[in-house]
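Chain by chain, the residues run as shown.
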Amino acid sequence: MTEEMFWMIGLSLAVIGLLVIVFLQYQQIEQLKSRLNQGHNYEEPLAYLRNQLAGLPKVKAVKALRTQYPQLSLVDAAQLWERK
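## Considering the packing of helix 2 (residues 43-52) against helix 4 (residues 74-83)
Okay, so step 1: Axis separation between helix 2 and helix 4 bottoms out at 10 Å; the angle between their running directions is 55 degrees. In terms of axis orientation, helix 2 runs oblique to helix 4. Pair helix 2 / helix 4 crosses with right-handed handedness. Across the interface between the two elements, Pro-45, Leu-46, Leu-49 and Arg-50 from helix 2 touch Leu-80, Trp-81 and Arg-83 from helix 4.
Okay, so step 2: Tallied by class, the residues present in the contact of helix 2 with helix 4 amount to five nonpolar, no polar and two charged.

Given below as structure tokens:
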């Protein structure tokens, strides 16, 4: 095999690798978009906060809420604590 063939094979593998990376990122973006379009259902976390974490101070309650519901952002969990 000549040196040009090694370069062509290497370049081909690099292009294929980049295409796979782009495809995986596209899938991840589409998955995140569908999550955003689903909207937020805060009824279950709010009920958990009211029933299980009612006596805790804000910081501990928000931390426990985010441990139980990792999809909640810190801002969302703090807002739920304010609504309880």
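## Some points on the pattern of salt bridges
Here the idea is simple: oppositely charged side chains can pair when their charged atoms come close.
Okay, so step 1: All told, the structure shown has two salt bridges when counted by the stated rule.
Okay, so step 2: For Glu-30, the salt bridge is made with Lys-33, and the minimal N-O distance between the two is 3.6 Å. Of the two residues, Glu-30 and Lys-33 both sit in helix 1 (residues 3-38), three residues apart, roughly one turn of that helix.
Okay, so step 3: The exposure class assigned to Lys-33 is partly exposed, which follows from its relative accessible area of 44%.
Okay, so step 4: Across the pair Lys-58 and Glu-82 runs a salt bridge, and its minimum N-O distance is 3.0 Å. With Lys-58 in helix 3 (residues 58-68) and Glu-82 in helix 4, this pair connects stretches of sequence that are 24 residues apart.

Rules of the game
Residues numbered from 1 in each chain as written. Predicted model: local features only at pLDDT ≥ 70, side-chain atom pairs only at ≥ 80, totals over all residues. Heavy atoms only, no water. Axes fitted to C-alpha atoms, helices over the stretch in contact; angles between N-to-C directions. Helix = DSSP H or I, 4+ residues; strand = E, 2+ residues; numbered from the N terminus. Parallel < 35°, antiparallel > 145°, perpendicular 65-115°, else oblique. Left-handed = near helix turned anticlockwise from the far one by under 90°. Contact = heavy atoms within 4.5 Å. Nonpolar A, V, L, I, M, F, W, Y, C, P; charged D, E, K, R; others polar. Salt bridge = Lys/Arg side-chain N within 4 Å of Asp/Glu carboxyl O. Buried < 20%, exposed > 50% of the residue type's maximum accessible area, 1.4 Å probe, protein only.

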